[in-house]
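# Per-entry structural report
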Amino acid sequence: MSRLDVLVGDSWGQRVVVLGTLILYGYLAVTDPGVARAGLAGGLSTITSLATTIVAAFFLASAIGELLPEERLAEFLGASASAHEVVAAGLVAGLVPGGPYAVYPIIDRMRDRGADTPAVLTMLTGYSLISVGRVPYGLVFFGPHVVGLRLLIAGTATVAVGTGLFGVGALRRGT
Amino acid sequence: MSVLDLLIGASVGQRVVVVGTLVLYGYLAVRRPSTARAAAERGAKTLGMLTTLVLAALLLASAIGRLLPRDAVAGLIGGAAGVPGVVLAGLVGGALPGGPYAVYPIIAEVADNGAGLAAVLALLVGYGGIGLLRVPYGLVFFEERIVAARVAIGVVVTVAFAAVIAVVIGA
């Protein structure tokens, strides 16, 4: 990986993020300096408050990756995974605490160790929809009734998505 | 925010990540030192490669959050009705930036503006399922096709469940 890749990313998607951020802040600095300042201050505050967590998440994901038995993971979440295993992966991902800065590296590492695309997408979906870490905030603003309904919908959707993705994966493999 | 919050995180989720990492590495350092070393080296290398992207993603989310017209969102969804209104609420939820500590108050404001239970649930489902502002962070770790597929699945799930919620609960 070259120094340029480290600075602006090595895929077009990553470059869009880095260059898009620079362009947006450049534009705001000219057209609305107050918003640019507030955005920068808010972003730096978030970075400061999350710095330890982000660093820890990278090391945690790496350690989990080292500890995951590659053959077993490939068996459970790889091409030979059953629908139940794919769905279970999505539901378990929904129980992992933390923002994407903490959870994405772990899912990425599981993919490195053999998890197939249907399992990866089901985990991303389960994490996004269920996200039990949001429950305390939900209880503060909406109460148990709404939180319970949200979790019911999220769990049902994760099961449906996992089953559907398993089916798509099986069709593409011709099994 | 206290020094302790800065060090181990302010929320339970953050603390689980930070303390869990320390406990796991402590255990590995004693029981499997070579694994601890390999994991730490790999973690540091990945962190070094992705630092610029992580910083950019967080700054981008902050700027977009400042640009969102919150009152307009509350007014738009608060007055929405019927299946189209609830579906619209779900899609708007997918574009709300920030963590739940930032977005849930906006949704609560929408509820105060007259939105029904169906619209509130659709907003919550859309916010989680689509999570447009998680795209930059997703691109740090996954290929474009994975991120696009995640968002597409989120849109389909949001639209489908919003329509069902609107019919079952009533918009």
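All figures in this text were calculated on a predicted structure; none of them were measured in a lab.

Attention now goes to the overall build of chain A. A count of helical and extended segments in chain A gives nine helices and zero strands. Along chain A, helices (α) and strands (β) appear in the sequence α-α-α-α-α-α-α-α-α when read from the amino end. The dimensions of chain A, computed from C-alpha atoms along their principal axes, are 55 × 50 × 30 Å. The long-range fraction of contacts in chain A, counting pairs at least 24 apart against all pairs at least 6 apart in sequence, stands at 77%.

Attention now goes to the packing of helix H5 (residues 83-93) of chain A against helix H7 (residues 117-129) of chain A. All names here are of chain A. The geometry of H5 relative to H7 is characterised by a closest axis approach of 7 Å and an angle of 35° between their N-to-C directions. Regarding H5 and H7, the two cross each other, and that crossing is right-handed. For the pair H5 and H7, the contacting residues are Val 86, Val 87, Ala 89, Gly 90, Leu 91 and Ala 93 in the first and Pro 118, Ala 119, Thr 122, Met 123, Thr 125, Gly 126 and Tyr 127 in the second. Across the contact of H5 with H7, the residue classes break down as nine nonpolar, four polar and no charged.

Bringing the UniProt feature "transmembrane region" (unreviewed entry) in chain A into the picture now. Residue and element names in this part refer to chain A. Annotation from UniProt places "transmembrane region" (unreviewed entry) at residues 12-30, 42-64, 86-107, 119-139 and 151-171. A distance of 31 Å separates the end C-alpha atoms of residues 42-64, which is 100% helix and 0% strand. Across residues 119-139, helical content stands at 76% and strand content at 0%; the span's end C-alpha atoms are separated by 30 Å.

Looking now at helix H3 (residues 33-67) of chain A. The first and last C-alpha atoms of H3(A) sit 48 Å apart over 35 residues, in line with the 51 Å expected at 1.5 Å per residue. The axis of H3(A) is deflected most strongly, by about 55°, at A:Leu50.

Let us look at the interface of chain A and chain B. Taken together, the contact pairs 65 residues of chain A with 71 residues of chain B. Put simply, the parts of the chain that give the side of chain A that touches chain B at least two residues each are helix H1 (3-8), helix H2 (12-31), H3, helix H6 (100-112), H7, helix H8 (135-141) and helix H9 (144-173) of chain A. Of the residues forming the side of chain A that touches chain B, the biggest block, 22 residues, is contributed by H3(A). Here the residues of the side of chain A that touches chain B are counted per class, giving 39 nonpolar, 22 polar and four charged.

Time to look at the domain arrangement of chain B. One can read the domain layout of chain B as domain 1 (3-48) and domain 2 (64-170). Placing the centre of domain 1 of chain B and that of domain 2 of chain B at their C-alpha centroids yields a distance of 33 Å.

What follows covers unusual backbone geometry. Residues and elements named next belong to chain A. Positioned with a positive phi, Ser 131 is a non-glycine residue whose angle comes to about 35°. Within the fold, Ser 131 resides in the loop between H7 and H8. The exposure class assigned to Ser 131 is buried, which follows from the 27 C-beta atoms found within 10 Å.

Looking now at the confidence of the model for chain B. For chain B, per-residue confidence averages 86 on the pLDDT scale, and residues scoring 70 or more make up 95% of the total. Confidence metrics for the complex model read pTM 0.80 and ipTM 0.79.

All right, on to the nonpolar core then. As a rule of thumb, soluble globular proteins bury nonpolar side chains together. All names here are of chain B. Core analysis: the largest hydrophobic core is formed by 103 residues, its most contacted members being Ala 57, Ala 89, Ala 122, Leu 123 and Ala 162. Looking at which element gives the most residues to this core, the answer is helix H3 (residues 33-67), with 11 residues. Residue assignment places this core across two domains, with domain 1 (3-48) and domain 2 (64-170) each supplying three or more.

All right, on to the packing of H5(A) against H9(A) then. Residue and element names in this part refer to chain A. Where H5 meets H9, the axes come as close as 8 Å, and the angle between the chain directions of the two elements is 140°. The angle between H5 and H9 falls in the class oblique. The handedness of the crossing between H5 and H9 is right-handed. Contacts between H5 and H9 involve Ala 83, Val 86, Val 87, Gly 90 and Leu 91 from the former and Gly 155, Thr 158, Val 159, Val 161, Gly 162, Thr 163, Leu 165 and Phe 166 from the latter. Residues belonging to the contact of H5 with H9 are distributed by class as follows: eight nonpolar, five polar and no charged.

Moving on, we get to the environment of A:Ala115. Residues and elements named next belong to chain A. Its place among the elements puts Ala 115 in the loop between H6 and H7. The exposure class of Ala 115 is buried, given the 25 C-beta atoms found within 10 Å. The sequence separation of Ala 115 and Glu 75 amounts to 40 residues, and the corresponding C-alpha distance is 8.5 Å.

Bringing the environment of A:Thr156 into the picture now. With respect to the helices and strands, the residue A:Thr156 is situated in helix H9. Along the sequence, A:Thr156 and A:Gly126 sit 30 residues apart, while their C-alpha atoms lie 9.9 Å from each other.

What follows concerns the environment of B:Ile77. All names here are of chain B. The topology assignment puts Ile 77 in helix H4 (residues 70-78). By the C-beta count within 10 Å, which is 27 here, Ile 77 ends up buried. The sequence separation of Ile 77 and Gly 9 amounts to 68 residues, and the corresponding C-alpha distance is 34 Å.

Quick notes on the rules
- Per chain, residue numbering runs from 1 following the sequence as it is written.
- Just so you know, chain letters begin at A and ligand numbers begin at 1, following the order they were written in.
- The predicted origin of the model limits local features to residues at a pLDDT of at least 70 and limits the giving and counting of side-chain atom pairs to 80 or more, whereas totals for whole chains, interfaces and linings rest on all residues.
- Secondary structure counts use DSSP, requiring at least four H or I residues in a row for a helix and at least two E residues in a row for a strand, with both numbered from the N terminus.
- What counts as a contact is two residues whose backbone-derived C-beta atoms lie within 7 Å of each other.
- Axis definition: a line fitted to C-alpha atoms, over the contacting stretch in the case of helices. Angles run 0 to 180 degrees between N-to-C directions.
- Each crossing gets its handedness from the near helix: less than a right angle anticlockwise from the far helix is left-handed, clockwise is right-handed.
- For this classification, Asp, Glu, Lys and Arg are treated as charged, while Ala, Val, Leu, Ile, Met, Phe, Trp, Tyr, Cys and Pro are nonpolar and the rest, including Gly, are polar.
- UniProt positions are given in the numbering used here, feature names are shortened, and annotations may be inferred rather than shown by experiment.
- Working rule for helices: expected span equals 1.5 Å times residues minus one.
- Note on bend: the value at a residue is the angle between axes fitted to the seven residues ending there and to the seven starting there.
- An automatic or database domain assignment supplies the start and end points of every domain.
- We call a residue exposed when 12 or fewer other C-beta atoms sit within 10 Å of its C-beta, buried when the count reaches 20 or more, and partly exposed for counts in between; the C-beta positions come from the backbone.
- The predictor rates its confidence in each residue with pLDDT, a number between 0 and 100.
- By convention the nonpolar core is taken to be a set of buried residues drawn from Ala, Val, Leu, Ile, Met, Phe, Trp, Tyr and Cys and joined through C-beta atoms within 7 Å.
- For classification purposes, angles smaller than 35 degrees are called roughly parallel, those larger than 145 roughly antiparallel, those between 65 and 115 roughly perpendicular, and all remaining angles oblique.

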